[in-house]
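# Structural description and commentary
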Amino acid sequence: MAFSRRSLLAGAAGLGALAAGGLSACGSRTSISSDPNELVIWYWDRSIDPALLSIAAKQIPGTRRHLRADIIGGSFDTKLRTSLAGNAYIPDLTNINSNVSLYFPNEDMFLDLDELGAQNYKHLYFDWKWELGVTPTNHFRFFPLDTGPTGFYYRQDVFDKAKIPSDPESVGAAMKTWDEFIELGQKLKRNVGSFMDITAGQLFGQYINASPQRYFDKAGKPLYMNETSTIRDAWNMAVKAIKAGITGNQQVSTDQNAAWESGKTAGHIEAVWWAQILGDTAPDTKGKWRLAKQPVRAGNSGGSFICIPHTCKDPEAAFKFITWLNNPQNQAQAFNNIQLFPSAEDSFTLGTMKSNTGFFGDQDPLTFFLEAAKEVPTSFISTYEAQAAFFGTEITNVEAAGKNPDRAWDDAVAQTNKILRKRGVHV
Amino acid sequence: MTVTNPAIGSARAAEEPSTTERRSRNPFKRFWPQYVAVAPFYILFLVFGMFPLIFSIWLSFNDWDGMGQMKFVGLAQYRFLITDSRFWLAVGNTFLIWIMSTIPMLFLALVIAFLLHTNIRAKGFYRVAFFIPNVTSAVAMAIVFGSIFSNSFGIINSFLNWLHLSQVPWLSNPWGIKVVIAVMVIWRWTGYNSIIYLAGLQAVSTELYEAARVDGANNWHIFSRITIPMLRPVILFTVITSTVGGLSLFTEPQVLFGNTSNIGGPADGGLTIVLYQYYQAFNQFDFGYGAAIAWALFIIAVVFAIINWRLVSEREVDGQKVFKVSRKQRAAHASAEPTEVAAK
Amino acid sequence: MTTTVETPPAATTTRLGDPTKTSANARTRSLVGRIVTHVCIIIGVMFSIFPFYWLLVMSTQTTAQIFGYPPKLWFSSHLWQNLTQVTHDIPLFQSLLNTFLVSLAVAVLVMFFDSLAAFAFGKYEFPGKNGLFVLLLATFLVPGSLSLVPSFVLMSWLGWTGSFAALIVPGAANAFGIFLLRQFAQTSIPNEMVESARVDGAGFFRTWWSIGVPMMRGGVAFLGIFTFITTWNDYVWPLIILVNPRRLTLQVALSQLNAIYSTNFGEVMAGAVISVVPLIGIFIIGSRHFIANIAAGAIKG
């Protein structure tokens, strides 16, 4: 029918213009809180200390505002992005998870914290963590919350059974390089049939997390195409690990948990926050785990940020909240209450942090991970890493489906480049 | 579409004088109740469905990350789609899983409905028991089924071991994962469809059955000559909705692998079309491409739905068959004097 | 309705001549048949229920027991603890009530509007009917998840963000239900009844109410139950559109239990059970309408 087709085209054209204007041209911005003295923050459960939140709920120290904290469960990014896109009901403050680089292309949606005086606080935090909140255009928009320094968790009892010297010093000394790590894994496999980690993909990812160089440089140029690159090295290591059979090929979480609990997989390279999960899912293994230094140096996995969307009704107050929430005392308290590993170096020297001993026998995880946190290299996580997931997928194909490693590498590079070209990156 | 019931209005319409003037005014005047009856849906759709629909069509001709500016790219998304091997893998997966799940599922549902329709006790309990899978949380079921099918630690593999058979890598093999997903789908939807069939069976008058039994017809005759033809519209419904549901399969693979970095599972064996679309839109933030995938799926769904509709609706079904009941019916036809139940 | 069935072959008549033998055979056959039927059903029921049973078990366990190996398939003792934890962490009762009201509203509206439209599509001819119906089916096939942003924008234009109207109104009539009930209308409503109602002078709406709905009762009940359940379980759209933490639906509230690092799975499972139990209740109540024998004795023929 001519009528509906015409109106359809007109509608589409009109909507197209609307959409091109970013959907913010029409429609008024609606505020998320009708109380002018109330700021709203979106966060997810156990990512901010509830005790601190209840103080801020009455009054944010140093301001005349108070804070309403809304928990957003799953699909956090979807909800945040939808609100930002629709320009309505945007919170005044929000947490962002470690995937902060996903927001770099739209960094204008968030305030530049330097303009609010962030530089005065920089010295309090680990450099590498601070740098992760700096966008490619050198604006600092994402303030450090917690961090995830990594180490090698391992089952001391399994290592004992395998007649491997099992105290943390010896284990760390036995794996100063990745080749040595693989050799150790072969010994473990030979002697008791256990694995060093759940998947080769895990090793691959953690290798990169511990390296100064990653997938792209700040200009967005792919580094994995270079003659030598971290990615290629990580890949080669992972392939070697697969060939040596030192990883368990446990691709699903139920398999993984069962493996760790039974000791079939006797190790895992992961961040400090994994200890909580381990404690919750396998409490019977308490006292059997230890921490050793992973090959080469420690890395960082996870850790979140906090930022101020551009629609915030009182940026100064919001920033006061951020700096108050993250001062060394409060970060130490947050560690004690909900095990968020501080990003403020001074937290550790205050002497107020209580360590979760017992799970690692007589070893103090706090000391261990503090040392690890000092080692973490400064690196740049590009927004395009979301498109580089093919490397992880292909390594899984090599491990789980027996795919030829060289073909897998070529496929990973080809698919990644194809997507990047689609995104307008010159490859 | 079979129109076995001469519906009410047509007889009247035929009586109307054929002047153009009268015809243009009369339909709305004469049939205004029917138009009012069907209007609410279209009105609601116009208000709430139209804008998002046009938006998503428009989106498929653009490049948009969900927050920033849109960039018009013409047919580029679709051109990319055609050459995207991962998309076509997803199409293949979706069809394979659909075959593995929908066909057995509908057949089982019919059998169960028929069983439940007989004179047995505790029908109420059985009905609830079969319906429960449909309301349980998918996330919880991912844990349960992940555990049942676990490679080294699962019940199924332990059972296979006990039978001295080799273990199957359910969760790390592209075919294994399809079986797991198909089993989850069958588990979740069989009871639901059997309830629909049961409701349909209840709607068939028992007098038909009684008359048939008096004449000496056995269960098989009743099943094939009375029940199935009477149920045909309902069967058509379940075939269409299962087809659409199967093509849009998303929940099961997503709860199994959605939180991992490898969203399609081992070798992308569990990657379905809608999962891929969701991944492009909400993980890669490539909404334009997600929209293109969605509309490609729409075209596939329309074609497939039409095929299914034709297959189930036709009275005489010749040649190749996909739908098992039709095959049985034809066998019944071939073996005895063809007698059609004229359903009115 | 006329039924034509073939005349039985002669052998049956002979068998009929011997009453004792026939009834014994018939009884044995029927007994075997009944046993087979029951066994099949029991097996099916066990498969159906087992994973749900496991969910119930998980709701009484701690996270450790849930992920423990070997899996513990008998009840543990933490149900009360998990339940109280849920009520402590989220506004459980408020969101239960909200969800109940919203789901009920949508179910009632859907039953009303869809049965009207289905009755018209199924039993009447009117100009443009086929085209309209095809259009309806087409909307059924249209992809949904991409409409989040435009729907959100639309709602904020209407001022419905954060309100339950955004959850209720858009779904008040849907293609799925109209399609379902149209098929039921075709299966279960004989033309003669509609015709005789017309002859008696009843208009469309009267016929719909007095004949259509009662005869489609199984389908309408099913649609009502199913719509209630779908609305109850809807997650993504309510997540996006509800912004007031005191006015949430159940699934959104339950999703808040997902912590950033370590989630209490026993609590999550308890929440899942809380979410399911009302649905089972609704199903039991509503499915009584499947028992009723529709059209019994209404028309002879």
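Keep in mind that this is a model prediction, so the values were computed, not measured.

### As for the overall build of chain B
Check the secondary structure of chain B and you find 15 helices and two strands. Relative to its full complement of 344 residues, chain B shows a buried share of 49%. Residue pairs at least 24 apart in sequence account for 67% of intrachain contacts in chain B once pairs closer than 6 positions are excluded.

### A short note on the packing of helix 9 (residues 174–202) of chain B against helix 12 (residues 217–233) of chain C
Interaxial distance between helix 9 of chain B and helix 12 of chain C falls to 8 Å at its minimum, and their mutual angle equals 155 degrees. With respect to each other, helix 9 of chain B and helix 12 of chain C are oriented roughly antiparallel. Listed contacts from helix 12 of chain C to Ile195(B), Ile196(B), Ala199(B) and Gln202(B) of helix 9 of chain B are Gly218(C), Gly219(C) and Phe222(C).

### Quick look at the interface of chain C and chain A
Between chain C and chain A, the contact holds 25 residues from the first and 31 residues from the second. The element contributing the most residues to the side of chain C that touches chain A is helix 7 (residues 148–158) of chain C, with six residues. By residue class, the composition of the side of chain C that touches chain A is 17 nonpolar, eight polar and no charged.

### Looking at the domain arrangement of chain B
Size of an interface, as often reported, equals the accessible area lost when the parts are brought together. Residues and elements named next belong to chain B. According to the domain assignment, chain B consists of domain 1 (1–60) and domain 2 (77–335). Contacts between the two partners involve six residues from domain 1, matched on the other side by nine residues from domain 2. The residue inventory of the side of domain 1 that touches domain 2, partitioned by class, reads three nonpolar, three polar and no charged.

### Remarks on the interface of chain C and chain B
With 87 residues of chain C in contact, the opposing surface of chain B contributes 87 residues. Top element by residues in the side of chain C that touches chain B is helix 2 (residues 19–59) of chain C. It accounts for 14 residues. Classifying every residue of the side of chain C that touches chain B by side-chain character gives 59 nonpolar, 23 polar and five charged.

### Considerations on the sheet that holds strand 7 (residues 289–292) of chain A
Sheets are built from strands that pair by backbone hydrogen bonding, the pairs being arranged parallel or antiparallel. Residue and element names in this part refer to chain A. Spatially, three strands are ordered 6-5-7 in an open sheet, and the strand pairing comes out antiparallel. Bordering the open sheet on either side are strand 6 (267–271) and strand 7, each of which pairs with just one other strand. Neighbour-to-neighbour, the strand axes of the sheet open up by a mean angle of 30 degrees, direction not taken into account. Relative to strand 7, strand 5 (residues 150–155) is paired through four bridges, and the arrangement is antiparallel. When the sheet's bridge partners are listed, Arg 155 is paired in strand 7 with Trp 289. Strand contacts of helix 14 (residues 365–375): strand 5 and strand 7, with the helix running at about 140 degrees to strand 5, the strand carrying the most contacts.

### A look at helix 9 of chain B
Given 3.6 residues per helical turn, the α-helix brings residues three or four places apart onto the same face. All names here are of chain B. Its 29 residues place the ends of helix 9 42 Å apart at the C-alpha level, agreeing with the 42 Å of an ideal helix rising 1.5 Å per residue. Along helix 9, the sharpest change in direction is near 35 degrees and occurs at Trp 189. Where burial is concerned, most of helix 9 is hidden: 26 out of the 29 residues are buried.

### Details of the domain arrangement of chain A
Residue and element names in this part refer to chain A. Per the domain assignment, the segments of chain A are domain 1 (38–147 + 302–354) and domain 2 (150–299 + 378–422). With centres defined by C-alpha atoms, the gap from domain 1 to domain 2 works out at 30 Å. Taken together, the contact between domain 1 and domain 2 spans twelve residues of the former and eleven residues of the latter. A per-class count over the side of domain 1 that touches domain 2 returns seven nonpolar, three polar and two charged.

Calculation criteria
Every chain is numbered independently, its residues counted from 1 as its sequence is written. Here every chain gets a letter starting at A, and every ligand a number starting at 1, in the order they are written. Local features are withheld for residues below a pLDDT of 70 in this predicted model, meaning they are given only at 70 or higher, and side-chain atom pairs are given and counted only at 80 or more; totals for whole chains, interfaces and linings count all residues. Helix and strand assignments follow DSSP, with helices taken as H or I runs no shorter than four residues and strands as E runs no shorter than two, numbered in order from the N terminus. Counting other C-beta atoms within 10 Å of its own, a residue is labelled buried from 20 upward, exposed at 12 or fewer, and partly exposed in the gap between, with every C-beta atom placed from the backbone. Contact criterion: two residues are in contact if their C-beta atoms, reconstructed from the backbone, are within 7 Å. For helices, the fitted line uses only the C-alpha atoms of the stretch in contact; every axis is such a line through C-alpha atoms, and the angle between N-to-C directions lies from 0 to 180 degrees. An angle below 35 degrees is treated as roughly parallel, one above 145 as roughly antiparallel, one from 65 to 115 as roughly perpendicular, and anything else as oblique. Under the convention adopted here, Pro, Cys and the residues Ala, Val, Leu, Ile, Met, Phe, Trp and Tyr are nonpolar, Asp, Glu, Lys and Arg are charged, and Gly plus all remaining residues are polar. Domain delimitation in this document rests on an assignment produced automatically or drawn from a domain database. A pair of strands is treated as paired once DSSP finds two or more bridges between them. One less than the number of residues in a helix, times 1.5 Å, gives the span that helix is expected to have. One axis fitted to the seven residues ending at a residue, another fitted to the seven starting there: the angle between these axes is the bend at that residue.

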